[in-house]
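# Residue-level structure breakdown
One letter stands for each residue in the lines below.
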Amino acid sequence: MTITIENKKSEGAERLLQITIPVEQVDKARQAAAKKIAAKVAIPGFRKGKAPPAMVLKRFSDSIRSEVLDALVQSAYTEVLERENIKPATQPHIHDLTFDDGQPVTFSLHVEVRPEIVLSRVEGFKVTRTERSVGDEDVRTQLDQLREQKAAWSPVEDKAREGDMVTVQLATADASGEIPEGREYKVVIGAGQAIAGVEEVIMELTPGTSVERPVKWPDDFPDEAERGQTKTVRVALQDVKRKSVPDLDDSFAREVGDFDSLAALEGAVRKDMVEAAKREADADVRAKLLDEIIGANPFDVPPSWVKQLIDGYGNAYQIPEEEQARFVEQFRPTAERQVRRDLVVETLAERENIKATEGDLDDKITEMAKTRDQNPGQVYAALQKAGRLTEMERTITEEKVFAWLLERNTVE
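Structure report, in brief. What you see is a predicted model, and the numbers here were worked out from it, not measured in a lab.

## Looking at the sheet that holds strand 1 (residues 4–11)
Spatially, 1-2-4-3 is the arrangement adopted by the four strands of the open sheet, whose pairing is antiparallel. Bordering the open sheet on either side are strand 1 and strand 3 (93–98), each of which pairs with just one other strand. If you compare each strand with its neighbour and ignore which way they point, the axes differ by 15° on average. Direction of pairing for strand 2 (residues 14–21) relative to strand 4 (residues 105–112): antiparallel, over a ladder of eight bridges. Counted as the bridge partner of Q18 is S108 from strand 4.

## Looking at a negative patch on the surface
Together, D247, D249, D250, D258 and D260 make up a negatively charged patch on the protein surface. On the basis of relative accessibility, which here comes to 36%, the residue D250 falls in the partly exposed class.

## Quick notes on the pattern of salt bridges
Enumeration over the complete set of coordinates arrives at 29 salt bridges. Measuring nitrogen to oxygen at the nearest pair gives 3.3 Å for the salt bridge that ties E346 to R114. Taken together, the residues span a long stretch of sequence, with E346 in helix 9 (residues 324–351) and R114 in the loop between strand 4 and strand 5 (126–127) at a distance of 232 residues. Accessibility expressed as a relative area gives 44% for E346, which makes it partly exposed. R114 sits in the partly exposed class, given a relative accessible area of 36%. Salt bridges sharing common partners tie together R129, E131, K278 and D282.

## So, the nonpolar core
Residues I293, V344, L348 and L405 are the most contacted members of the largest nonpolar core, which totals 29 residues. Broken down by secondary-structure element, the contributors of at least two residues to this core are helix 7 (262–296), helix 8 (303–316), helix 9 and helix 12 (389–406). A total of nine residues in this core trace back to one element, the largest contributor, which is helix 9. Every residue in contact with L348, bar those within four places of it in the chain, is listed here: L119, V122, N353, I354, V401, W404 and L405. Judged by nonpolar contacts, the second largest core, of 25 residues, contains V73, V80, I86 and V113.

## Looking at the packing of aromatic side chains
Counting across every chain of the model gives five aromatic pairs. Residues W217 and F221 carry aromatic rings whose centres are separated by 6.5 Å and whose planes lie at 70° to one another, so their mutual orientation is edge-to-face. A network of ring pairs unites the aromatic residues Y313, Y317, F327 and F331 as a single cluster.

## Considerations on unusual backbone geometry
With a phi angle near 50°, D96 is a residue other than glycine that sits in the positive phi range. Note on placement: D96 falls in strand 3. Given the relative accessible area of 63%, D96 is considered exposed. The phi angle at Q318 is positive, at roughly 55°, despite the residue not being glycine. Relative to the helices and strands, Q318 resides in the loop between helix 8 and helix 9.

## Some details on helix 9
Its 28 residues give helix 9 an end-to-end C-alpha distance of 38 Å, which sits within 8% of 40 Å, the value for a rise of 1.5 Å per residue. At F331, helix 9 shows its maximal kink, close to 45°; a proline, P333, follows between one and four residues later. Residues of helix 9 that are buried: F327, F331, A335, V339, R340, R341, L343, V344, V345, T347, L348 and A349. For helix 9, the elements touching its buried residues are helix 7, helix 8 and helix 12. Immediately beyond the C-terminal end of helix 9, within one or two residues, lies N353, with a positive phi of roughly 55°.

Reading the values: the criteria
- Residues numbered from 1 in each chain as written.
- Predicted model: local features only at pLDDT ≥ 70, side-chain atom pairs only at ≥ 80, totals over all residues.
- Heavy atoms only, no water.
- Pairing = 2+ DSSP bridges.
- Helix = DSSP H or I, 4+ residues; strand = E, 2+ residues; numbered from the N terminus.
- Axes fitted to C-alpha atoms, helices over the stretch in contact; angles between N-to-C directions.
- Patch = residues over 30% accessible without salt bridge, like charges linked within 9 Å, V, L, I, M, F, W, Y side chains within 5 Å.
- Areas by Shrake-Rupley, 256 points an atom, 1.4 Å probe, with all protein chains shown as cover.
- Salt bridge = Lys/Arg side-chain N within 4 Å of Asp/Glu carboxyl O.
- Lys, Arg positive; Asp, Glu negative; His and termini not counted.
- Charge placed at Lys NZ, Arg CZ, Asp CG, Glu CD.
- Buried < 20%, exposed > 50% of the residue type's maximum accessible area, 1.4 Å probe, protein only.
- Core = buried A, V, L, I, M, F, W, Y, C linked by side-chain atoms within 4.5 Å.
- Contact = heavy atoms within 4.5 Å.
- Phe/Tyr/Trp six-rings, centres within 6.5 Å; stacked < 30°, edge-to-face > 60°.
- Expected span 1.5 Å × (residues − 1).
- Bend = angle between axes of the 7 residues up to and from the residue.

Laid out in structure tokens, this is it:
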């Protein structure tokens, strides 16, 4: 096509182009569309495909206009990509399109481009490896958490105390002073699930009793309109449950898993924690090394890729609508850094030809099958059904890329 392309903006990974398609091209496309439609339709008084072009243009103007516009824009877009050597990162957007009789077709094309990553320096960096030590106190803390998971809640007739779980009916007076019917809540005393004033009222009661008390809302209450206000609250305590955790002994070890003694459980917990600390240290080294490479080889990233990652995490974390703007602002630097890291790994894997092979994937599946005491074919089928094979290939590729980088850089 003979089109005019004017660069209006080129910042980072974004391009804004003004496209003009001359009248001659528009007329040619209109005649072609009219001929195409005329060959398909029957007009009274004429054989199929023999109606005068002027009549076809007038009678099917809307259909012709739509087909012309689609054909011109698509052809122009293809031409722009070729002439400007653009590799789009995502679907482009068209703005301010004009299509008037006897005039050129014009529109603005906003497109994000894939970054050209050179990575001229990826060797000679020095990073520090810090591994968290695992002590007896760390192991004991982990064991206590296991005890908490196995804790039992038993009803008591006493007044509630810190750590107890209570079931209460709570109601707060409205602006007129009327107290509506209460709603049931389960609250762990001291866990921050209710404001301190309400907890104090709850702890005055025994199961089956109720009371009305004025309660002052805290000055840092999330709802600014209610901060510092005093309201009458009706509290009806239905029950109190107290938590009892099992003793840390051989019996507990057998309950947790296939352990003959507490010593065996402690050993397994320590081993898991040491391995986790090692993985954390390895991940930290990888992150530091990639940060060094990105710092030495800056490049822009498409905003839509960053947004897609932010949206994914926002959905995974189930961020409430009222918190989304703050989440986007806070998480954007992390998302941008993650996109850059992924692109560095992808670029190195492609450039150095260190991608995962079928043999690598087979070896990994065989290793997994051995751990699970299953047939490799069964494991492969399960991974394929779950759609995890691509993810596994990507993980293997990343491991190979980092192994390649660690050979060329220093870790102290």
